[in-house]
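Chains, contacts and geometry: an overview
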Amino acid sequence: MTTRLIYFAWVRERIGTSEEDVELPAGIETVADLLRWLQSRGEGYQHALQYPDVIRVAINQEHVDHREKISGAREIALFPPMTGG
Amino acid sequence: MSAVLVPTVRIQRQDFDVAAEIAGLTQGRADIGAVVTFSGLCRDEQGALSALELEHYPGMAEAEIGRIAAEATERWPLQGLTVIHRHGKIAPGDNIVLVVAASAHRQAAFEAADFLMDYLKSRAPFWKKEHRTDGSEGGWVEAKETDAQAARRWKRPPSE
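Now for a description of the structure that goes with this document.

Parameters at a glance
Residues numbered from 1 in each chain as written. Chains lettered and ligands numbered in written order. Predicted model: local features only at pLDDT ≥ 70, side-chain atom pairs only at ≥ 80, totals over all residues. Heavy atoms only, no water. Helix = DSSP H or I, 4+ residues; strand = E, 2+ residues; numbered from the N terminus. Rg over C-alpha atoms; globule rule 2.2 N^0.38 Å. Buried < 20%, exposed > 50% of the residue type's maximum accessible area, 1.4 Å probe, protein only. Contact = heavy atoms within 4.5 Å. Areas by Shrake-Rupley, 256 points an atom, 1.4 Å probe, with all protein chains shown as cover. Lys, Arg positive; Asp, Glu negative; His and termini not counted. Charge placed at Lys NZ, Arg CZ, Asp CG, Glu CD. Polar contact = N/O pair within 3.5 Å; in protein donor to acceptor, adjacent residues only side chain to side chain. Buried area = accessible area lost by both parts, 1.4 Å probe. Salt bridge = Lys/Arg side-chain N within 4 Å of Asp/Glu carboxyl O. Expected span 1.5 Å × (residues − 1). Arc of directions from axis to C-beta.

Along the backbone of chain B there are four helices and eight strands. Listed N to C, the secondary structure of chain B is β-α-β-β-α-β-β-β-α-β-β-α in terms of helices and strands. In summary, chain B has a C-alpha radius of gyration of 16 Å against a globular reference of 15 Å for 160 residues, a match within 12%. In terms of overall dimensions, chain B has a C-alpha envelope of 55 × 35 × 30 Å along the principal axes. When burial is assessed residue by residue, chain B has 43% of its 160 residues classed as buried. Taking as baseline every contact in chain B between residues at least 6 positions apart, the subset at least 24 positions apart corresponds to 78%. Roughly 8300 Å² of accessible area belongs to chain B as shown, and the carbon and sulfur atoms make up 49% of that amount. The average position of the 19 basic charges and that of the 23 acidic charges among the side chains of chain B differ by 2 Å.

What follows is the structure, given as C-alpha coordinates:
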(Lines give C-alpha, C1' and ligand atoms only; values in the text may rest on other atoms or scores of the structure.)
Protein backbone atom coordinates (compact mmCIF):
# COMPACT_ATOMS: atom_id res chain seq x y z
CA MET A 1 0.00 0.00 0.00
CA THR A 2 1.22 3.47 -0.87
CA THR A 3 1.52 5.99 1.94
CA ARG A 4 1.88 9.71 1.42
CA LEU A 5 4.54 11.36 3.60
CA ILE A 6 4.35 15.13 4.12
CA TYR A 7 7.05 17.29 5.68
CA PHE A 8 6.92 20.81 7.12
CA ALA A 9 9.28 23.60 8.18
CA TRP A 10 12.90 22.50 8.83
CA VAL A 11 12.02 18.84 8.41
CA ARG A 12 10.89 19.68 4.85
CA GLU A 13 13.97 21.81 4.17
CA ARG A 14 16.44 19.18 5.39
CA ILE A 15 14.79 16.28 3.57
CA GLY A 16 14.54 18.45 0.47
CA THR A 17 10.95 17.75 -0.54
CA SER A 18 7.53 18.68 0.81
CA GLU A 19 5.86 15.32 0.11
CA GLU A 20 6.40 11.90 -1.42
CA ASP A 21 4.56 8.62 -1.88
CA VAL A 22 6.35 5.59 -0.48
CA GLU A 23 5.84 1.84 -0.29
CA LEU A 24 6.61 0.96 3.30
CA PRO A 25 8.65 -2.23 3.65
CA ALA A 26 7.34 -5.09 5.78
CA GLY A 27 8.13 -4.71 9.47
CA ILE A 28 7.47 -0.96 9.66
CA GLU A 29 4.65 -1.04 12.18
CA THR A 30 4.87 2.06 14.33
CA VAL A 31 5.75 5.73 13.91
CA ALA A 32 9.10 5.02 15.64
CA ASP A 33 9.83 2.26 13.06
CA LEU A 34 9.01 4.70 10.26
CA LEU A 35 11.39 7.36 11.63
CA ARG A 36 14.18 4.77 11.91
CA TRP A 37 13.60 3.51 8.36
CA LEU A 38 13.51 7.03 6.91
CA GLN A 39 16.88 7.82 8.47
CA SER A 40 18.41 5.05 6.36
CA ARG A 41 17.27 6.74 3.14
CA GLY A 42 20.04 9.34 2.90
CA GLU A 43 21.86 12.30 4.35
CA GLY A 44 18.94 14.75 4.23
CA TYR A 45 16.70 12.33 6.11
CA GLN A 46 19.44 11.69 8.65
CA HIS A 47 19.92 15.40 9.21
CA ALA A 48 16.17 16.01 9.57
CA LEU A 49 15.52 13.07 11.88
CA GLN A 50 18.77 12.80 13.88
CA TYR A 51 16.86 13.65 17.09
CA PRO A 52 13.68 11.63 16.54
CA ASP A 53 12.28 12.57 19.96
CA VAL A 54 11.64 16.17 18.84
CA ILE A 55 9.80 15.15 15.66
CA ARG A 56 6.01 15.54 15.87
CA VAL A 57 3.83 13.26 13.81
CA ALA A 58 0.27 13.39 12.51
CA ILE A 59 -1.56 10.46 10.92
CA ASN A 60 -4.48 11.39 8.68
CA GLN A 61 -4.22 14.94 10.06
CA GLU A 62 -4.40 14.05 13.77
CA HIS A 63 -1.55 14.22 16.29
CA VAL A 64 -0.17 10.83 17.37
CA ASP A 65 2.74 9.71 19.53
CA HIS A 66 5.64 7.58 18.32
CA ARG A 67 4.17 4.31 19.58
CA GLU A 68 1.14 4.66 17.28
CA LYS A 69 0.60 1.90 14.70
CA ILE A 70 0.72 3.19 11.15
CA SER A 71 -1.22 0.44 9.39
CA GLY A 72 -3.93 1.96 7.22
CA ALA A 73 -2.47 5.48 7.30
CA ARG A 74 -3.11 7.34 4.04
CA GLU A 75 -1.15 10.40 5.06
CA ILE A 76 1.63 10.74 7.61
CA ALA A 77 3.09 14.17 8.33
CA LEU A 78 6.41 14.84 10.10
CA PHE A 79 7.22 18.25 11.49
CA PRO A 80 9.03 20.18 14.25
CA PRO A 81 7.26 21.39 17.40
CA MET A 82 4.66 23.94 16.35
CA THR A 83 5.13 27.69 16.73
CA GLY A 84 1.82 29.22 15.67
CA GLY A 85 -0.39 31.61 17.58
CA MET B 1 -31.49 24.22 26.68
CA SER B 2 -29.23 26.25 24.45
CA ALA B 3 -28.44 25.14 20.91
CA VAL B 4 -25.06 23.53 20.29
CA LEU B 5 -22.56 26.19 19.36
CA VAL B 6 -20.58 25.59 16.19
CA PRO B 7 -17.36 27.64 16.37
CA THR B 8 -16.17 29.58 13.34
CA VAL B 9 -12.61 28.64 12.31
CA ARG B 10 -10.84 30.34 9.43
CA ILE B 11 -7.30 29.85 8.11
CA GLN B 12 -6.50 32.63 5.67
CA ARG B 13 -3.77 34.67 4.06
CA GLN B 14 -5.61 38.01 4.27
CA ASP B 15 -5.99 40.25 7.32
CA PHE B 16 -9.08 40.28 9.55
CA ASP B 17 -11.18 43.08 11.04
CA VAL B 18 -11.48 42.64 14.82
CA ALA B 19 -14.56 44.90 15.16
CA ALA B 20 -16.36 43.10 12.32
CA GLU B 21 -15.64 39.71 13.91
CA ILE B 22 -17.05 40.87 17.27
CA ALA B 23 -20.13 42.28 15.54
CA GLY B 24 -20.54 38.97 13.71
CA LEU B 25 -20.99 37.20 17.05
CA THR B 26 -23.10 39.77 18.89
CA GLN B 27 -25.34 41.35 16.25
CA GLY B 28 -29.03 40.71 16.63
CA ARG B 29 -28.86 39.04 20.03
CA ALA B 30 -29.15 40.26 23.62
CA ASP B 31 -28.05 37.22 25.64
CA ILE B 32 -24.31 37.87 25.44
CA GLY B 33 -22.87 39.72 28.41
CA ALA B 34 -19.15 39.35 27.74
CA VAL B 35 -16.90 39.28 24.70
CA VAL B 36 -13.18 38.61 25.12
CA THR B 37 -10.91 39.07 22.11
CA PHE B 38 -7.27 38.15 21.85
CA SER B 39 -5.20 39.34 18.87
CA GLY B 40 -1.65 38.15 18.31
CA LEU B 41 0.55 40.51 16.27
CA CYS B 42 3.95 40.26 14.63
CA ARG B 43 6.71 41.99 16.68
CA ASP B 44 9.74 43.62 15.02
CA GLU B 45 12.16 42.41 17.77
CA GLN B 46 13.70 45.87 18.27
CA GLY B 47 13.94 46.50 14.54
CA ALA B 48 15.74 43.22 13.75
CA LEU B 49 12.79 41.49 12.10
CA SER B 50 11.43 42.44 8.66
CA ALA B 51 8.74 39.76 8.49
CA LEU B 52 7.51 36.44 9.81
CA GLU B 53 6.65 33.71 7.35
CA LEU B 54 3.97 31.34 8.61
CA GLU B 55 3.89 27.88 7.10
CA HIS B 56 0.87 25.70 7.85
CA TYR B 57 -0.52 22.25 7.19
CA PRO B 58 -3.60 22.87 5.03
CA GLY B 59 -6.50 20.71 6.13
CA MET B 60 -5.01 19.73 9.46
CA ALA B 61 -4.76 23.39 10.58
CA GLU B 62 -8.53 23.79 10.18
CA ALA B 63 -9.23 20.34 11.67
CA GLU B 64 -6.98 20.76 14.72
CA ILE B 65 -8.17 24.28 15.58
CA GLY B 66 -11.73 22.98 15.08
CA ARG B 67 -11.06 20.20 17.63
CA ILE B 68 -9.58 22.69 20.13
CA ALA B 69 -12.51 25.08 19.63
CA ALA B 70 -15.02 22.25 20.07
CA GLU B 71 -13.32 21.29 23.35
CA ALA B 72 -13.62 24.90 24.54
CA THR B 73 -17.37 24.91 23.83
CA GLU B 74 -17.70 21.72 25.90
CA ARG B 75 -15.74 23.13 28.82
CA TRP B 76 -17.22 26.62 29.04
CA PRO B 77 -20.75 27.96 28.45
CA LEU B 78 -20.02 29.99 25.31
CA GLN B 79 -22.50 31.71 23.05
CA GLY B 80 -20.05 32.48 20.29
CA LEU B 81 -16.51 31.51 19.33
CA THR B 82 -14.41 32.64 16.37
CA VAL B 83 -10.79 31.67 15.71
CA ILE B 84 -8.83 33.08 12.75
CA HIS B 85 -5.20 32.21 12.01
CA ARG B 86 -3.27 33.80 9.16
CA HIS B 87 -0.52 32.19 7.08
CA GLY B 88 2.02 33.53 4.60
CA LYS B 89 4.34 36.50 5.05
CA ILE B 90 3.33 38.87 7.85
CA ALA B 91 4.98 42.25 8.52
CA PRO B 92 5.73 43.65 12.00
CA GLY B 93 2.65 45.33 13.42
CA ASP B 94 0.26 43.16 11.44
CA ASN B 95 -2.20 40.63 12.82
CA ILE B 96 -1.40 36.91 13.05
CA VAL B 97 -4.19 35.34 15.08
CA LEU B 98 -7.58 36.23 16.55
CA VAL B 99 -9.74 34.55 19.17
CA VAL B 100 -13.18 35.96 20.00
CA ALA B 101 -15.09 34.26 22.82
CA ALA B 102 -18.60 35.36 23.79
CA SER B 103 -20.51 34.29 26.87
CA ALA B 104 -23.17 35.46 29.31
CA HIS B 105 -20.49 36.24 31.92
CA ARG B 106 -16.87 37.30 31.68
CA GLN B 107 -15.10 34.42 33.41
CA ALA B 108 -16.07 31.81 30.82
CA ALA B 109 -15.09 34.15 27.97
CA PHE B 110 -11.69 34.99 29.53
CA GLU B 111 -10.86 31.36 30.32
CA ALA B 112 -11.97 30.01 26.96
CA ALA B 113 -9.87 32.58 25.07
CA ASP B 114 -6.85 31.81 27.28
CA PHE B 115 -7.29 28.05 26.79
CA LEU B 116 -7.67 28.48 23.02
CA MET B 117 -4.42 30.42 22.71
CA ASP B 118 -2.43 28.03 24.92
CA TYR B 119 -3.62 25.00 22.97
CA LEU B 120 -3.26 26.69 19.61
CA LYS B 121 0.39 27.52 20.33
CA SER B 122 1.35 23.94 21.09
CA ARG B 123 -1.04 21.93 18.86
CA ALA B 124 -2.05 23.94 15.77
CA PRO B 125 0.22 22.99 12.82
CA PHE B 126 1.88 26.33 12.07
CA TRP B 127 5.59 27.18 11.96
CA LYS B 128 7.15 30.65 11.99
CA LYS B 129 10.26 31.53 10.03
CA GLU B 130 12.02 34.84 10.62
CA HIS B 131 13.17 37.24 7.92
CA ARG B 132 15.70 39.77 9.24
CA THR B 133 16.12 43.43 8.28
CA ASP B 134 19.85 42.86 7.58
CA GLY B 135 18.87 40.36 4.86
CA SER B 136 20.17 37.34 6.73
CA GLU B 137 18.18 34.19 7.23
CA GLY B 138 16.69 34.35 10.72
CA GLY B 139 15.76 30.69 10.75
CA TRP B 140 12.80 28.87 12.25
CA VAL B 141 11.38 30.10 15.53
CA GLU B 142 11.94 27.53 18.27
CA ALA B 143 9.04 26.25 20.32
CA LYS B 144 9.13 27.50 23.92
CA GLU B 145 8.87 25.23 26.93
CA THR B 146 6.84 27.98 28.63
CA ASP B 147 4.15 27.55 25.93
CA ALA B 148 4.07 23.78 26.50
CA GLN B 149 3.75 24.40 30.26
CA ALA B 150 0.95 26.90 29.67
CA ALA B 151 -0.97 24.27 27.69
CA ARG B 152 -0.46 21.62 30.40
CA ARG B 153 -2.15 23.73 33.07
CA TRP B 154 -5.50 23.15 31.28
CA LYS B 155 -5.26 19.36 31.62
CA ARG B 156 -7.44 19.42 34.71
CA PRO B 157 -11.10 20.18 34.02
CA PRO B 158 -12.08 23.69 35.26
CA SER B 159 -14.76 22.23 37.54
CA GLU B 160 -12.17 20.55 39.79
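Residue and element names in this part refer to chain A. In this fold, E20 is placed in strand 2 (residues 19-23). There is a polar contact of 2.6 Å between the side chain of E20 and the side chain of Y7. In this structure, E20 is in contact with T3, R4, L5, Y7, R41 and Y45, ignoring residues within four places of it in sequence.

Every contact between the two is made by 20 residues of chain A and, on the other side, 26 residues of chain B. Interface of chain A and chain B: buried area, both sides summed, is about 1900 Å²; carbon and sulfur atoms make up 56% of it. For chain A, the biggest contributors to the area lost against chain B are A:Q61, A:T83 and A:G85; these three give 36% of the whole. Between A:E13 and B:K129 there is a salt bridge, and its shortest N-O distance comes to 2.5 Å. Between the two partners, chain A and chain B, sit 15 residue pairs in polar contact (both at pLDDT 80 or more). Only strand 1 (2-7), helix 1 (9-15), strand 4 (62-64) and strand 5 (75-79) of chain A provide two or more residues apiece to the side of chain A that touches chain B.

All names here are of chain B. Counted at 1.5 Å a residue, the expected span for helix 2 (residues 60-75) with its 16 residues is 22 Å, and the 22 Å between its end C-alpha atoms agrees. Of the positions making up helix 2, those classed as buried are M60, A61, E64, I65, I68, A69 and A72. End-on view of helix 2: buried residues confined to an arc of 165 degrees, all on one side of the axis.

What follows is about the pattern of salt bridges. Throughout the structure, instances matching the rule amount to 18 salt bridges over all chains. Note that B:E45 is salt-bridged to B:R43, the shortest N-O span being 3.2 Å. Here B:R132 ties to B:E130 by a salt bridge, and the two come within 2.9 Å at their closest N and O atoms. B:R132 sits in the partly exposed class, given a relative accessible area of 29%. Relative accessible area serves as the criterion here: at 15%, B:E130 is assigned to the buried category. One salt-bridge network, in which partners are shared between bridges, spans A:R4, A:E19 and A:D21.

By themselves, these observations are geometric and do not establish any function.
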